[in-house]
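Given next are the chains, with one letter for each unit.
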Amino acid sequence: ALGAALLSRIAPHLGEGRTLWLSLLFWGCAVLLLSRQQQIWPAVFLFFLVGIGNAGLGSTVNPLIMYVTPRPMIGRVFAIVMPSTIAAASLAIALTGLLSTTPLHQFHATLLGLHFAFIDTMYTFTGLLSLAAGLYIYSTIRHVRCSPLP
């Protein structure tokens with residue numbers, strides 16, 4: 001909650017586009033580091049950093065949607081965006097649960113001297129997807145600043 005309040009004040013100065021891609025890159029790096037953790041206290045600290053990245057995402061996505069949506073359509077757009085976001089999160093949870101209990105339950109691999117089990121692999125994949133999304137957003141909307149709605 002503190003991070004969201006802080007980032008909602010910082011985002012307009014950086015620009016919402018810049019805040020979004022920086023938050024995604026920050027979040028992805030924290031998750032990649034988290035995937036390699038084996039000690040509890042560094043992992044707790046990294047979860048705190050993941051929360052800061054989440055705050056950056058939460059404080060910029062809605063203003064960006066409102067910026068690009070014509071005012072009469074805002075209600076309709078959010079009526080689709082919010083349930084779609086919840087459905088995508090639910091699907092990701094279900095898919096991860098399914099993969100963890102069936103085909104990848106006994107997954108173990110070694111790459112460049114690093115050992116990966118199922119959980120490490122899922123965190124690594126998630127972090128890499130976030131980094132890719134951050135780089136894509138950097139290349140498209142990095143300088144977007146939202147003007148307040150009239």
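Computed from a predicted structure; not experimentally measured.

K.L.:
Account for the side chain of serine 23, with residues named and values stated.
P.N.:
Position of serine 23 among the secondary structure elements: in helix H2 (residues 16-35). If we skip the residues at most four places from it in the chain, serine 23 touches Gly53, Gly56 and Leu57.

K.L.:
Residue-level account of the pairing of strand S1 (residues 108-111), with values.
P.N.:
Pairing geometry for S1 and strand S2 (residues 114-117), over four bridges, is antiparallel. Each bridged residue has a counterpart across the sheet, and for alanine 109 the counterpart in S2 is phenylalanine 116. Adjacent in sequence and paired antiparallel, S1 and S2 are bridged by two residues, among which leucine 112 carries a positive phi angle near 55 degrees.

K.L.:
Now, about the packing of H2 against helix H5 (residues 118-141): what can you tell me, with residues and values included?
P.N.:
Closest axis-to-axis distance for the H2/H5 pair is 8 Å, and the angle between their directions is 160 degrees. Put simply, H2 runs roughly antiparallel to H5. Helix-helix and strand crossings are classified by hand; for H2 and H5 the assignment is left-handed. Broken down by class, the residue content of the contact of H2 with H5 amounts to 17 nonpolar, eight polar and two charged.

K.L.:
Kindly report on the nonpolar core, identifying the contributing residues and their values.
P.N.:
Listed in full, the nine residues of the largest apolar core are Leu20, Trp21, Leu24, Leu25, Leu57, Leu64, Leu131, Ile137 and Cys146. Every element with two or more residues in this core is listed here: H2, helix H3 (40-68) and H5. The element that contributes the greatest number of residues to this core is H2, accounting for four residues. Among all residues touching leucine 131, those that are not within four sequence positions of it are Leu25, Gly28, Cys29 and Leu32.

K.L.:
Pulling in residues and values, what's your account of the packing of aromatic side chains?
P.N.:
One pass over the structure, following the stated rule, counts one aromatic pair. Summarising the aromatic geometry, the rings of tryptophan 21 and tyrosine 138 are spaced 4.6 Å apart at their centres and angled 70 degrees between planes, so their arrangement reads as edge-to-face. Linking tryptophan 21 in helix H2 with tyrosine 138 in helix H5, this pair joins segments that are 117 residues apart in sequence. A relative accessible area of 13% places tryptophan 21 in the buried class.

K.L.:
Run through the layout of surface pockets, naming residues and quoting values.
P.N.:
The probe, sized like a water molecule, is rolled over the atoms to show the empty space still left. Roughly 940 Å³ of volume is contained in the largest pocket. Taken together, 29 residues form the lining of the largest pocket, with Trp27, Ala88, Ala89, Ala92 and Thr126 sitting closest to its centre. Mapped onto the lining of the largest pocket, the elements with two or more residues apiece are H2, H3, helix H4 (74-101) and H5. Top contributing element to the lining of the largest pocket by residue count: H4, with nine residues. Per-class residue counts for the lining of the largest pocket are 22 nonpolar, seven polar and no charged. Roughly 160 Å³ of internal volume is contained in the second largest pocket. In terms of lining residues, the second largest pocket is bounded by Leu34, Ser35, Arg36, Gln37, Gln38, Ala43, Phe47, His115, Ile119, Asp120 and Tyr123. At the level of secondary structure, the elements contributing two or more residues to the lining of the second largest pocket comprise H2, H3 and H5. Split by residue class, the lining of the second largest pocket holds five nonpolar, four polar and two charged.

K.L.:
Before we move on, can you summarise H5 with the specific residues and values?
P.N.:
With 24 residues, H5 should reach 34 Å at 1.5 Å per residue; the first-to-last C-alpha distance of 34 Å fits that figure. Where H5 is concerned, the buried positions are Phe118, Asp120, Met122, Thr124, Gly127, Ser130, Leu131, Gly134 and Ile137. Contacts made by the buried residues of H5 are with H2, H4 and S2.

Conventions used here
Counting restarts for each chain: residues are numbered from 1 in the order of the written sequence. Only residues with pLDDT of at least 70 get local features here, since the model is predicted, and only at 80 or more are side-chain atom pairs given and counted; chain-wide, interface and lining totals rely on the full set of residues. Side-chain numbers come from the whole structure's heavy atoms, not from hydrogens or water. A run of DSSP states H or I qualifies as a helix once it reaches four residues; a run of E qualifies as a strand once it reaches two. Both are numbered from the N-terminal end. Here, residues are in contact when the closest pair of their heavy atoms is within 4.5 Å. The rule for pairing is simple: two strands pair if DSSP sees at least two bridges between them. For helices, the fitted axis covers only the stretch in contact; all axes are lines through C-alpha atoms, and the angles between them, taken along N-to-C directions, range from 0 to 180 degrees. Comment on the angle field: the value is read as roughly parallel under 35 degrees, roughly antiparallel over 145, roughly perpendicular from 65 to 115, and oblique elsewhere. The crossing is said to be left-handed when, going from far helix to near helix, the turn is anticlockwise and less than a right angle, and right-handed when the turn is clockwise. For this classification, Asp, Glu, Lys and Arg are treated as charged, while Ala, Val, Leu, Ile, Met, Phe, Trp, Tyr, Cys and Pro are nonpolar and the rest, including Gly, are polar. Here the nonpolar core consists of buried residues drawn from Ala, Val, Leu, Ile, Met, Phe, Trp, Tyr and Cys, with membership extended through side-chain atoms lying within 4.5 Å. Each residue is placed in one exposure class: buried if its accessible area under a 1.4 Å probe, protein chains only, is under 20% of its type's maximum, exposed if it is over 50%, and partly exposed if it falls in between. Any two of the Phe, Tyr and Trp rings considered here, Trp counted by its six-membered ring, make a pair once their centres fall within 6.5 Å; the pair's planes then place it as stacked at under 30 degrees, edge-to-face at over 60, or tilted in between. Detection works on a 1 Å grid of protein atoms alone, calling trapped sets that fit a 1.4 Å probe cavities and calling open sets with protein on both sides within 12 Å along at least five of seven lines pockets, with lining residues defined by an atom within 4 Å of a point. Grid points are joined across faces, edges and corners, and a volume is the space filled by probe spheres set on the points. One less than the number of residues in a helix, times 1.5 Å, gives the span that helix is expected to have.

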